[in-house]
Amino acid sequence: MHTSFPTLDAWLAYCERLHPKNIALGLDRVREVAQRLDLRFDCPVITVAGTNGKGSTCAMLEAVALQSGFRPGVYTSPHLVHFEERCRVGGEIVKAAELLPHFEAVEQARVQGTEVALTYFEFTTLAILRLMSQSRLDVAILEVGLGGRLDATNVIDADCAVITSIDIDHVEFLGPDRESIGREKAGIMRAGRPVVVSDPMPPQSVLDHAQAIGADLWRLGQDFNFSGDKQQWGWAGRGRRYAGLAYPALRGANQLVNASGALAALEAIRSRLPVTAQAVRTGLAMVELPGRFQIIPGQPTLVLDVAHNPHSVAALTANLDAMGYFPCTHAVFGAMHDKDLAPMLGRIAPLIDRWYLTDLPTPRAESAEVLRQKIEALPPAPGVPRELSVATFANPQLALDAAVLAAGPTDRIVVFGSFFTVGGVLQDGPPRLNAKHLGT
């Protein structure tokens, strides 16, 4: 007799209770259940690891595959509002009801014979992988949750691995520096198969591992590169070039690096997934990904970004800088307490006039009050003296409401930090702002 639930919410609540830890690294338990499920893919699998740029790279791969007439499946995490966002098949988010039989199957396999303890992430990953494996896909695109070597997605052998930018994050699990973190990410490589490294300065540990296992290394700057001017950009790889490409629809400083890695991956598996030049052009021009430097036009302008480590906040800062002049920038911010908050806040603080700090609905979150203390402890920015305006709120929506009330029509509001922060203001879809005080 195994457990069964009628709704996805009930299954998710059950998964949260199953294992004492949110994160328990190690593949033995997941591999055991995957074998009981006979989990296998009969299409090429691209696995994407990295600290930043994973979601964007997956979205670009998906968009080009769709434009070529293929049926891609994508697994990403975490989600912004609804769990189902973690899985897309043929460009569409799966429905909750479609996931239920796969949760059921994972539970059956988990308790068959010796019971196996699975974390929430491991259980839900297996359910989504099983759904994808039975969805007649032309390509499966898997975003690694954490690290690579010991991540639940790594029970599937990638036909092509992609490693995006590597930065310091999740130190308690992955190690204290880029070399040790790189070593964990490198665990998604497979002998004799392509690995695309789109980090312009990859840790030596990544290159060493590729050589040690005999992976086919595609390295940015050597095996593929990109160039661009203000109007358009071009890509060149082994034996193929694309010229006069429109900039990716995803905005921001790092997106050409991500797009270049995606094109290299598609080139590396061209014999199994031949995409057309037109699909590359159209796919990159149309790609969408909520919460990645997402600008929502209105008065005031609203920017949403899930930047939550020093590297991604540096990119967000550069992108905000490039937007031009705004009389006042309001920031809604909430983050996890295990993040490297001081350098993040220090980098972006000179651009922020007013802070709206929020608590988040998870025990891992830093309290708004502690965030306030950290901001007030920052050294003043050289040059312009500014009044520090900091307020705290119980949730992201209340913080955004306060920012909207205080903002003028030509100001901008930036909502950034954890997925919980951005997701908290997207509960009812992207907010459309219309300032109350347009001239009478």
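Residues numbered from 1 in each chain as written. Predicted model: local features only at pLDDT ≥ 70, side-chain atom pairs only at ≥ 80, totals over all residues. Heavy atoms only, no water.

## Section: the overall build of the chain
Filter applied, for reference: Numbering of helices and strands runs from the N terminus, with a helix taken as a DSSP run of H or I at least four residues long and a strand as a DSSP run of E at least two residues long. The atom set for the radius of gyration is the C-alpha atoms, and the globule formula is 2.2 Å times the number of residues raised to the power 0.38. Using a 1.4 Å probe on the protein chains alone, a residue whose accessible area is under 20% of its type maximum counts as buried, one over 50% counts as exposed, and one in between counts as partly exposed. The contact rule is simple, with two residues in contact once any of their heavy atoms fall within 4.5 Å. Charged-residue counts in this description rest on Lys and Arg as positive and Asp and Glu as negative, His and the chain ends being excluded. By convention, charge coordinates are those of NZ in Lys, CZ in Arg, CG in Asp, or CD in Glu.
Within the chain one finds 15 helices and 17 strands. Taking 440 residues into account, the globule formula puts the C-alpha radius of gyration at 22 Å, and the chain, at 22 Å, falls close to it. With the C-alpha coordinates of the chain rotated into their principal frame, the extents come out at 65 × 55 × 40 Å. For the chain, with 440 residues in total, the buried portion stands at 57%. Contacts in the chain between residues far apart in sequence, at least 24 positions, make up 73% of those at least 6 positions apart. Here the chain carries 40 positive and 46 negative side-chain charges, and the mean point of each set is 4 Å from the other.

## What to know about the packing of helix α11 (residues 310–321) against helix α12 (residues 341–348)
Here is the rule: To obtain an axis, a line is fitted to C-alpha atoms, over the contacting stretch when the element is a helix, and the angle between two such axes runs from 0 to 180 degrees between their N-to-C directions. In this scheme, roughly parallel covers angles under 35 degrees and roughly antiparallel covers those over 145, while 65 to 115 is roughly perpendicular and the rest are oblique. Residue polarity is assigned by list, with Asp, Glu, Lys and Arg as charged and Ala, Val, Leu, Ile, Met, Phe, Trp, Tyr, Cys and Pro as nonpolar; anything else, Gly included, falls into the polar class.
For the pair α11 and α12, the least separation of the axes is 9 Å and the interaxial angle reads 5°. It follows from the interaxial angle that α11 and α12 lie roughly parallel. Between α11 and α12, the contacting residues are Pro310, Val313, Ala314, Leu316, Thr317 and Leu320 on the first element and Pro343, Met344, Arg347 and Ile348 on the second. Of the residues contributing to the contact of α11 with α12, the split by class is eight nonpolar, one polar and one charged.

## Overview of the packing of helix α1 (residues 8–18) against helix α5 (residues 120–133)
It is the contact of α1 with α5, at a shortest axis distance of 8 Å, that shows an interaxial angle of 135°. With respect to α5, the axis of α1 lies oblique. On α5, the residues touching Trp11, Leu12, Cys15, Glu16 and Leu18 of α1 are Tyr120, Phe123 and Thr124.

## Some remarks on helix α14 (residues 396–406)
Convention followed: The directions considered for the arc run from the helix axis to the C-beta atoms. The term polar contact refers here to a pair of N or O atoms within 3.5 Å; inside protein, the definition further demands a hydrogen-donor-capable atom paired with an acceptor-capable atom, and it admits residues adjacent in sequence only when both atoms are side-chain atoms.
The complete set of buried residues in α14 reads Pro396, Ala399, Leu400, Ala403 and Val404. For α14, the arc enclosing every buried residue in end-on projection is 135°, short of the 170-degree limit, so these residues lie on one face. Elements that come into contact with the buried residues of α14 comprise β13 (301–305), β14 (329–334), β15 (354–358), β16 (389–393), β17 (412–417) and α15 (419–424). Two or three places before Gln397, at the start of α14, stands the capping residue Asn395, its side-chain oxygen 3.1 Å from that residue's backbone nitrogen.

## Side note on the layout of surface pockets
For clarity, the threshold we go by: With a 1 Å grid laid over protein atoms only, a set of points is called a cavity when a 1.4 Å probe fits there but cannot get out and a pocket when it is open yet has protein on both sides within 12 Å along at least five of seven lines; lining residues have an atom within 4 Å of a point. Grid points are joined across faces, edges and corners, and a volume is the space filled by probe spheres set on the points. Each domain's extent was defined by an automatic or database domain assignment.
Within this model, the second largest pocket holds a volume of roughly 950 Å³. In terms of lining residues, the second largest pocket is bounded by 38 residues, among which Arg88, Val287, Glu288, Leu289 and Pro290 are the most central. Those elements giving two or more residues to the lining of the second largest pocket turn out to be α3 (54–67), α10 (277–286) and β12 (294–296). Among the elements that make up the lining of the second largest pocket, the one with the highest residue count is α3 (six residues). Class assignment of the residues belonging to the lining of the second largest pocket gives a composition of 20 nonpolar, nine polar and nine charged. Structurally, the lining of the second largest pocket is a two-domain feature, drawing no fewer than three residues from each of domain 1 (8–286) and domain 2 (294–426).

## Looking at the nonpolar core
Which entries qualify depends on this criterion: Definition used in this section: a nonpolar core is a set of buried Ala, Val, Leu, Ile, Met, Phe, Trp, Tyr and Cys residues joined via side-chain atoms within 4.5 Å.
Formed by 43 residues in total, the largest nonpolar core has its most connected members in Phe103 and Met132. The set of elements that each furnish at least two residues to this core consists of α1, α2 (28–37), β3 (87–89), α4 (96–111), α5 and β5 (139–143). Here this core takes nine residues from α5, the largest share from any one element. Apart from the residues lying within four places of it in its own chain, the contact partners of Met132 are Phe41, Gly73, Val74, Tyr75, Cys87, Leu137, Ala140, Ile141 and Leu142.

## Brief notes about the domain arrangement of the chain
Here is the rule we go by: What counts as buried area is the accessible surface, traced by a 1.4 Å probe, that two parts surrender upon association, with contributions from both included. Between Lys or Arg on one side and Asp or Glu on the other, a salt bridge is scored when a side-chain nitrogen of the former is within 4 Å of a carboxyl oxygen of the latter.
As far as domains go, the chain holds domain 1 (8–286) and domain 2 (294–426). Computed from C-alpha coordinates alone, the two centres of domain 1 and domain 2 are separated by 29 Å. Between domain 1 and domain 2, the contact holds 16 residues from the first and 15 residues from the second. A combined buried area of about 1,300 Å² lies between domain 1 and domain 2, and 54% of that area is made up of carbon and sulfur atoms. Counting the contacts that link domain 1 with domain 2 gives zero salt bridges. Across the contact surface, domain 1 and domain 2 share two residue pairs in polar contact (both at pLDDT 80 or more). Of the residues belonging to the side of domain 1 that touches domain 2, the class tally is five nonpolar, seven polar and four charged.

## Some points on the pattern of salt bridges
For the structure on display, the rule yields 18 salt bridges. The closest approach of N and O atoms between Arg88 and Glu62, which form a salt bridge, is 2.9 Å. Within this pair, whereas Arg88 is found in strand β3, its partner Glu62 is found in helix α3, the two being separated by 26 residues in sequence. The residues Arg88 and Glu62 share a single accessibility class, namely buried. Across the pair Asp199 and Arg178 runs a salt bridge, and its minimum N-O distance is 2.9 Å.

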